[in-house]
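For reference, the chains in residue letters:
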Amino acid sequence: MASVATYLNFDGTCEEAFAFYRDAFGGEYTDDPMYMRDMPPEPGQPPLAEGEGDRIMHMALDIVAGHRLMGSDILPSMGHVLTPGNAMYVTITLDDEDSARELFAKLSEGGRVTMEPTPMFWGDLYSDFMDRYGIQWMVMAPLTEGTGLA
């Protein structure tokens, strides 16, 4: 079956971030998390650096409307560098304003809010922010008649 997922990278906080997302969205992981220590050794590849075995190799969580978040931690010892930025957002459109406000409140806690939930001229309640793990989000929902600009 065809599907689309968003893949997120972290610098040692993947498992913590996904516990946060599971709390915000509800649900369970699609499989048990896989750790770097579970990778079979490859010929000629150096061993993992101290502490990197506890980093996440892969985990996934179904969130809304069949969308799956997937993620892993980088391995600094292998030259990986995490550069958070604004080139990508995870966009969630919910069915109603209350759900959008509730999800915004959960996901933005401890993060940096760019725009609080605001009625927009195109007819949606819209918000955007960076969560505490450096992931950019847009959360929106159609405006209920009489609550804003719709």
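Scroll up a little and you will see the structure.
Residues numbered from 1 in each chain as written. Predicted model: local features only at pLDDT ≥ 70, side-chain atom pairs only at ≥ 80, totals over all residues. Heavy atoms only, no water.

**Remarks on the nonpolar core**
Counting 31 residues, the largest nonpolar core has Phe-10, Phe-18, Tyr-21, Phe-25, Leu-107 and Trp-137 as the members making the most contacts within it. Mapped by element, the contributors of at least two residues to this core are β1 (5-10), α1 (14-25), β3 (56-62), β5 (90-93), α2 (97-108), β7 (124-130) and β8 (136-142). Counting residues per element, this core draws most heavily on α1, at seven residues. (Core = buried A, V, L, I, M, F, W, Y, C linked by side-chain atoms within 4.5 Å. Buried < 20%, exposed > 50% of the residue type's maximum accessible area, 1.4 Å probe, protein only. Helix = DSSP H or I, 4+ residues; strand = E, 2+ residues; numbered from the N terminus.)

**Thoughts on the sheet that holds β1**
The sheet built from four strands is open, its strands ordered β1-β4-β3-β2 with mixed pairing. At either end of the open sheet lies a strand with only one pairing partner, and these are β1 and β2 (34-35). Two strands pair when backbone bridges link them, and β2 and β3 are joined in this way by two bridges, in the antiparallel orientation. The residue bridging Tyr-35 from the neighbouring strand is Ile-56, located in β3. Packed onto the sheet, α1 meets β1, β2, β3 and β4 (68-73) and runs at close to 5 degrees relative to β3. (Pairing = 2+ DSSP bridges. Contact = heavy atoms within 4.5 Å. Axes fitted to C-alpha atoms, helices over the stretch in contact; angles between N-to-C directions.)

**A short note on the environment of Tyr-126**
With respect to the helices and strands, Tyr-126 occurs in strand β7. Using a relative accessible area of 10% as the deciding quantity, one classes Tyr-126 as buried. Leave out the neighbours within four places in its chain, and Tyr-126 touches Met-115, Glu-116, Pro-117, Thr-118, Met-120, Met-138, Val-139 and Met-140. Within the structure, Tyr-126 has its side chain in polar contact with the side chain of Asp-128 (distance 2.8 Å). (Polar contact = N/O pair within 3.5 Å; in protein donor to acceptor, adjacent residues only side chain to side chain.)

**As for the sheet that holds strand β6 (residues 112-119)**
Overall, mixed pairing links the four strands, which are arranged β5-β8-β7-β6 in an open sheet. Edge positions in the sheet fall to β5 and β6, since each of these pairs with one other strand and no more. Neighbouring strand axes in the sheet, compared pairwise and without regard to direction, differ in orientation by 10 degrees on average. Sheet topology note: the β7/β8 ladder contains seven bridges and is antiparallel. Across the sheet, Ser-127 pairs through a bridge with Val-139, a residue of β8. Across the sheet, α2 is in contact with β5, β6, β7 and β8; its angle to β8 comes to roughly 165 degrees.

**Observations regarding the side chain of Glu-52**
Turning to its location among the elements, Glu-52 is positioned in the loop between β2 and β3. An unpaired buried charge is present at Glu-52: no salt bridge exists, and Arg-55, the closest side chain of opposite charge, is 4.9 Å distant. Excluding residues that lie within four positions of it along the chain, Glu-52 makes contacts with Met-36, Leu-75, Pro-76 and Ser-77. (Lys, Arg positive; Asp, Glu negative; His and termini not counted. Salt bridge = Lys/Arg side-chain N within 4 Å of Asp/Glu carboxyl O.)

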